[in-house]
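# Analysis of the macromolecular model
Okay, here's what each chain looks like letter by letter:
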Amino acid sequence: MKISKYIDHTILKPEATKKDILKIIEEAKTYDFASVCINTSWAKLAHEQLKDSNVKVCVVVGFPLGAASVASKVYETKVAIEDGADEVDMVIAIGQLKSGNDDYVRDEIKKVVEASGDKLVKVIIETCLLTDEEKVRACILAKEAGAGYVKTSTGFSKGGATAQDVKLMRETVGFDMGVKASGGIHTKEEMQDMIKNGASRIGASCGIELVK
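Numbers given to residues run from 1 along each chain, matching the order in which its sequence is written. Thresholds applied to this predicted model are a pLDDT of at least 70 for local features of residues and 80 or more for the giving and counting of side-chain atom pairs; totals over whole chains, interfaces and linings are not thresholded and use all residues. Values reported for side chains reflect all heavy atoms of the structure, with hydrogen atoms and water molecules removed beforehand.

### Comments concerning helix H3 (residues 70-82)
Helix numbers and strand numbers start at the N terminus; a helix is a DSSP run of H or I with at least 4 residues, a strand a run of E with at least 2. A helix's residues, less one, multiplied by 1.5 Å, set its expected span. Under the 1.5 Å per step criterion, the end-to-end length of H3 is 19 Å for 13 residues, consistent within 8% with the ideal 18 Å. A simple rule labels every residue: compare its accessible area, found with a 1.4 Å probe on the protein chains alone, to the largest value its type can have, and call it buried under 20%, exposed over 50%, or partly exposed in between. By the burial criterion, the buried members of H3 are Val70, Lys73, Val74, Thr77 and Ala80. Projected down its long axis, H3 carries its buried residues within an arc of 130 degrees, all on one side. The outward face of H3, more than 90 degrees from its buried face, is lined by the exposed residues Ala71, Tyr75 and Glu82. Every residue pair with non-hydrogen atoms within 4.5 Å of one another is taken to be in contact. Where H3 is buried, its residues contact helix H2 (43-50), strand S3 (56-61), strand S4 (87-91) and helix H5 (102-116). The arc refers to the directions leading from the helix axis to the C-beta atoms.

Below is the structure:
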């Protein structure tokens, strides 16, 4: 697989304007990235701009805290897919996981997966807030719930992806699922280290620099 297809070209800043979104979309088409990763309010625009390309529309759900209700995450997912989203990156209820409420976390992932139909769901576990034991549990729950990927980070918390976390996640889920490294990846060397340790997708706002 060519290196550009590892990358979800990302813009999630709340102040991003239509002009900013269109710029990211054009860059994604030019460099043939895997997707553009955006907030759901831009899904219709991105779908319209990308419908004749090989670039997917990826949206974030329950972002960035993961603390919204299951019902709201499910509704957000359904609306985003109606608006043209191809992939859904959902944030788990981190506090529920840390409280030991595994059934809650598994159920919310399962319901988002069901709401997504045949669309790819990536589960953001926010590794910087978890112990290694919690990271493993989160990955197992995502696998049990039928998600397609586990993802390290939102990029909005106190830390991003590390090669060690990617390795742990890959060892936990095996090769039946994808692992997305996201947050704080700024150089080609960092990206290659993530891929070497098991990442099959990279979330980054500096995708052009990574492929140049």
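Back to the write-up after that little detour.
### Remarks on the pattern of salt bridges
Just to be clear on terms, a salt bridge is a Lys or Arg side-chain nitrogen sitting within 4 Å of an Asp or Glu carboxyl oxygen. Under the criterion given, the structure shown has 26 salt bridges. The partner of Asp89 in a salt bridge is Lys151, and the shortest N-O contact between them spans 2.9 Å. Here the residue Asp89 occupies a position in strand S4, and Lys151 occupies one in strand S6 (residues 149-151), the gap between them amounting to 62 residues. In this structure, the salt-bridge partner of Arg106 is Glu144, at a minimum N-O distance of 2.8 Å. Highlighted residues: Arg106 in helix H5 and Glu144 in helix H6 (residues 132-144), separated in sequence by 38 residues. Beyond isolated ion pairs, a larger network of salt bridges with shared partners links Asp8, Glu87, Asp89, Lys122, Lys151, Lys180 and Arg201.

### Brief notes about the environment of Ile11
Along the chain, Ile11 falls in the loop between strand S1 (7-10) and helix H1 (18-31). Taking relative accessible area as the criterion, Ile11 reaches 12% and is therefore assigned buried. Separated by 13 residues in the primary sequence, Ile11 and Ile24 place their C-alpha atoms 7.4 Å from one another.

### Here we look at the pairing of strand S8 (residues 201-204)
Remark: a regular strand shows side chains that alternate across the two faces of the sheet. Burial along S8 is two-sided: the residues Arg201 and Gly203 and Ile202 and Ala204 are all buried. In the sheet, S1 pairs with S8 via three bridges, with the strands oriented parallel. Within S8, the residue paired with His9 across the bridge is Ala204. Whether two strands pair depends on DSSP finding at least two bridges between them. In this structure, strand S7 (residues 178-182) lies alongside S8, joined through three bridges in parallel fashion. Paired with Ser182 across the two strands is Gly203, which belongs to S8. When the strands point away from the viewer, a crossover counts as right-handed if the route from the first strand across the helix to the second turns clockwise. Traced from S7 through helix H8 (residues 188-196) to S8, the parallel crossover comes out right-handed.

### Let's talk about the sheet that holds S8
Around the barrel, which closes on itself, the eight strands sit in the order S1-S2-S3-S4-S5-S6-S7-S8 with parallel pairing between neighbours. For this sheet, the mean angle separating the axes of adjacent strands, direction not counted, is 25 degrees. Relative to strand S5 (residues 120-124), S4 runs parallel, the two being bridged by five bridges. Directly across from Val88, in S5, lies its bridge partner Val121. Contacting strand S2 (35-38) and S3, H2 crosses the sheet at an angle of about 170 degrees to S3. Axes here mean lines fitted to C-alpha atoms, for a helix over just the part in contact, with angles spanning 0 to 180 degrees between N-to-C directions. Along the sheet face, H5 touches S4 and S5 and points at about 160 degrees away from the line of S4.

### What to know about the UniProt feature "active site" (unreviewed entry) in the protein chain
Per the UniProt entry, the sites bearing "active site" (unreviewed entry) are Asp89, Lys151 and Lys180 in this numbering. Considering the C-alpha atoms alone, the annotated residues occupy 92 residues of sequence yet fold into one spot, their largest mutual distance being 9.9 Å. The residues contacting Asp89, other than those within four sequence positions of it, are Cys37, Cys58, Val59, Val60, Val61, Lys122, Ile124, Lys151 and Lys180. Any pair of nitrogen or oxygen atoms within 3.5 Å is treated as a polar contact; in protein, a donor-acceptor pairing is required on top of that, and neighbouring residues in sequence qualify only through side-chain atoms on both sides. A distance of 2.9 Å separates a polar atom in the side chain of Asp89 from a polar atom in the side chain of Lys151. UniProt positions are given in the numbering used here, feature names are shortened, and annotations may be inferred rather than shown by experiment.

### Some points on the nonpolar core
Nonpolar core, defined: a set of buried Ala, Val, Leu, Ile, Met, Phe, Trp, Tyr and Cys residues in which side-chain atoms within 4.5 Å join the residues together. Core analysis: the biggest nonpolar cluster contains 68 residues, and Ile92, Ile109, Val123, Met194 and Ile202 have the highest contact counts within it. Apart from the residues lying within four places of it in its own chain, the contact partners of Val123 are Met90, Ile92, Ile109, Ala142, Ala147, Tyr149, Val150 and Lys151.

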